[in-house]
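Chains, contacts and geometry: an overview
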Amino acid sequence: MSSPAPHPTAPEDRVPVVQKLGYGLGTVLDMWGHWLYPTLVNQVFNIGLGLSPALASTAIMLNRVFDAFSDPFFGWWSDNTRTRWGRRRPFMLVGSLIAGLCLPLLFWVHPGWSQSAYFWFMVLSSAIYIPVMSCFYMPYISLGAELTPDYHERTSVQSYKYAVQKVPELGLFFAAQFTTLALWVDANSGNVAGRVLRLFTSLDAWAPAPAGTKPNILLAAQVYCAILGVLMVVAGLVLFLTVRERYYDKLIVGKQERLGLVASIKQTAACKPFLLLIGMRLAYGMGLSMVGTLGYYDTVYYVCRGDLAAGAGWNFWMGVSGMVLGFAGIPTFTAVAHRLGKRHGMRAVMLTAIGVFVGTWWFYDPVRPWLQPLASGFIAFTGAGFWTLDGSMLADVIDYDELQTGQRREGVFASAASWIMKCGMALGAGTAGFILAGTGFDVALGGNQTEHALFMMRILLAAIPIVGLGLALVALARFPLTQEVMLDIRRQLEARRGKV
């Protein structure tokens, strides 16, 4: 684990804290625009409306077809855009406004539709919404690689980003609990305005639904998405006003020719460090996403014996634990990476995560349900470290590519990384429905699931992520961009085109 002492960050390479926090607000759009929908799909369409989990999972997987076109397109388009506001910020502004306003439309269905009607609504509504998110997210991720040229300050930028992300992540965990509040029992379109008013005027409105009652999960999801959509618009406006594009004036305007989409993608696919980083991302992301559904169903049907309200309540506290321990994971693994380098820091993340998933066998316990928050908390602890270092390593890959090609192509790299990652996670999430069905789970049995089904849900929750983490460690071992290599690359770049 030996490594040279970390080099000091020059004052001119530091990003102001206000700008780091402003950049972090983009995670509000990412968490709710990308991940709120998959979080609520089973709650709304399976538990609330009776759609089979296999059809819901298939719809989620099909959505990646639209990402295959929209992510690369908006990444490439922002690389080649020249405006008075920069090449990233205009896309981020427009995308955030539309994404926030349209979020509740993803659940604009009605009870009583057929299974095929629900399925095709999911597919078509996502086909419209996904390009909107690409319009925001591809330039946003690209901008993260342009805020500083310093090896360690890039990790600091990402650490602020993922620290801010812990807040909207809590919104994901609270989503299921929100849809099972007592407020939504007997709620309908005729009385929804009064129910929403009570949310802001009465603490009693936040009480869970009594056992045996059935809240209107669909209506609650629509209201929840409308509230979060407004917050997404606000976050997008603040982000636009706060961040700046450091590389734009010095390296792009009047100096870099516009690149063709196909040629740019081919160059990206030939970058070996990028392929290794993607392999690591894919193994990690798929392993976790394949069991995301199992974690929720273990809580509801194994620990809480089918009590949806109790399960949603514990799911919320698991989110709180994830937020707290996720915060702790950011400085912990950032410090390891600063001392030993990003590669050693990432290895520490993955080895710790393997231990955490082994521990999930004991964390999910009907006798001691208070252990559940430790499971989600420690998973978030390692996840925060992974994504903090991953974003910083992607910026290093882009510097490596600039040395090889003479071009700054953050947008294409960001879009390729995002699309492949989302494909892997969607495949994992889609597979999750079939895994759940393969365990023998039957929603009609409620809290009376078979012992075999409960055992398989528990064992797979631990085993599948461990396999993914093992594969990610193999890819990481071959990643070549150490601190020493990156310092040399920066010296060569600055000798060729000057400092930024």
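This structure is a prediction, so every number in the text was calculated from the model and none was measured.

**Some thoughts on the overall build of the protein chain**
Tallying secondary structure elements over the protein chain gives 18 helices and zero strands in all. Taken along the three principal axes of its C-alpha coordinates, the protein chain extends 70 × 45 × 40 Å. The burial tally for the protein chain puts 59% of its 500 residues in the buried class. Within the protein chain, residue pairs in contact and separated by at least 24 positions form 86% of the contacts whose partners lie at least 6 positions apart. For the protein chain, the accessible area works out to roughly 19,300 Å², and carbon and sulfur atoms hold 69% of it. The positive charge centre, built from 38 side chains, and the negative charge centre, built from 29, are 4 Å apart in the protein chain.

**Here we look at the packing of aromatic side chains**
Inspection of the entire model under this criterion finds 30 aromatic pairs. For the ring pair tryptophan 113 and tyrosine 118, a centre distance of 5.8 Å and an interplane angle of 25° mean the geometry is stacked. Consider the rings of tyrosine 284 and phenylalanine 386, whose centres lie 3.8 Å apart with planes at 5°: the pair is stacked. Residue tyrosine 284 is located in helix H11 (residues 272–289), and its partner phenylalanine 386 is located in helix H15 (residues 372–405); the two are separated by 102 residues in the primary sequence. With respect to burial, tyrosine 284 and phenylalanine 386 carry one shared label: buried. Aromatic rings pair up to connect Tyr37, Phe45, Phe107, Trp113, Tyr118 and Phe121 into one cluster. The ring of phenylalanine 240 carries arginine 89 above its face, with NZ or CZ at 4.3 Å from the centroid.

**Overview of the nonpolar core**
Core analysis: the biggest nonpolar cluster contains 136 residues, and Phe45, Phe107, Trp184 and Met280 have the highest contact counts within it. With 15 residues, helix H5 (residues 115–144) is the largest single contributor of residues to this core. Look past the residues within four positions of methionine 280 in its chain and what remains in contact with it is Met346, Met350, Phe386, Asp390, Met393, Ala472, Ala475 and Leu476.

**A few points about helix H14 (residues 342–363)**
Three or four residues apart is the spacing at which side chains of an α-helix point the same way, because the helix has 3.6 residues per turn. Taking 1.5 Å as the rise per residue, H14 with 22 residues should run 32 Å; its terminal C-alpha atoms sit 30 Å apart, in good agreement. Three or more residues of H14 are buried, namely Lys342, His344, Gly345, Met346, Val349, Met350, Ala353, Val356, Phe357, Gly359, Thr360 and Phe363.

**Structural notes on a nonpolar patch on the surface**
Taken together, Val230, Val234 and Val238 make up a surface patch of nonpolar side chains, about 230 Å² in accessible area. With respect to the helices and strands, valine 230 occurs in helix H8 (residues 217–242). Look at valine 230 and you get exposed, because its relative accessible area is 52%.

**A closer look at the packing of helix H12 (residues 292–303) against helix H13 (residues 308–340)**
The geometry of H12 relative to H13 is characterised by a closest axis approach of 8 Å and an angle of 135° between their N-to-C directions. Between H12 and H13, the crossing angle belongs to the class labelled oblique. For the pair H12 and H13, the crossing hand works out as right-handed. Where H12 abuts H13, its residues Tyr296, Thr299, Val300 and Tyr301 lie against Leu308, Gly311, Trp314, Asn315 and Met318. Grouping the constituent residues of the contact of H12 with H13 by class yields six nonpolar, three polar and no charged.

Calculation rules
- Residues numbered from 1 in each chain as written.
- Predicted model: local features only at pLDDT ≥ 70, side-chain atom pairs only at ≥ 80, totals over all residues.
- Heavy atoms only, no water.
- Helix = DSSP H or I, 4+ residues; strand = E, 2+ residues; numbered from the N terminus.
- Buried < 20%, exposed > 50% of the residue type's maximum accessible area, 1.4 Å probe, protein only.
- Contact = heavy atoms within 4.5 Å.
- Areas by Shrake-Rupley, 256 points an atom, 1.4 Å probe, with all protein chains shown as cover.
- Lys, Arg positive; Asp, Glu negative; His and termini not counted.
- Charge placed at Lys NZ, Arg CZ, Asp CG, Glu CD.
- Phe/Tyr/Trp six-rings, centres within 6.5 Å; stacked < 30°, edge-to-face > 60°.
- Lys NZ or Arg CZ within 6 Å of the ring centre and 35° of its normal.
- Core = buried A, V, L, I, M, F, W, Y, C linked by side-chain atoms within 4.5 Å.
- Expected span 1.5 Å × (residues − 1).
- Patch = residues over 30% accessible without salt bridge, like charges linked within 9 Å, V, L, I, M, F, W, Y side chains within 5 Å.
- Salt bridge = Lys/Arg side-chain N within 4 Å of Asp/Glu carboxyl O.
- Axes fitted to C-alpha atoms, helices over the stretch in contact; angles between N-to-C directions.
- Parallel < 35°, antiparallel > 145°, perpendicular 65-115°, else oblique.
- Left-handed = near helix turned anticlockwise from the far one by under 90°.
- Nonpolar A, V, L, I, M, F, W, Y, C, P; charged D, E, K, R; others polar.

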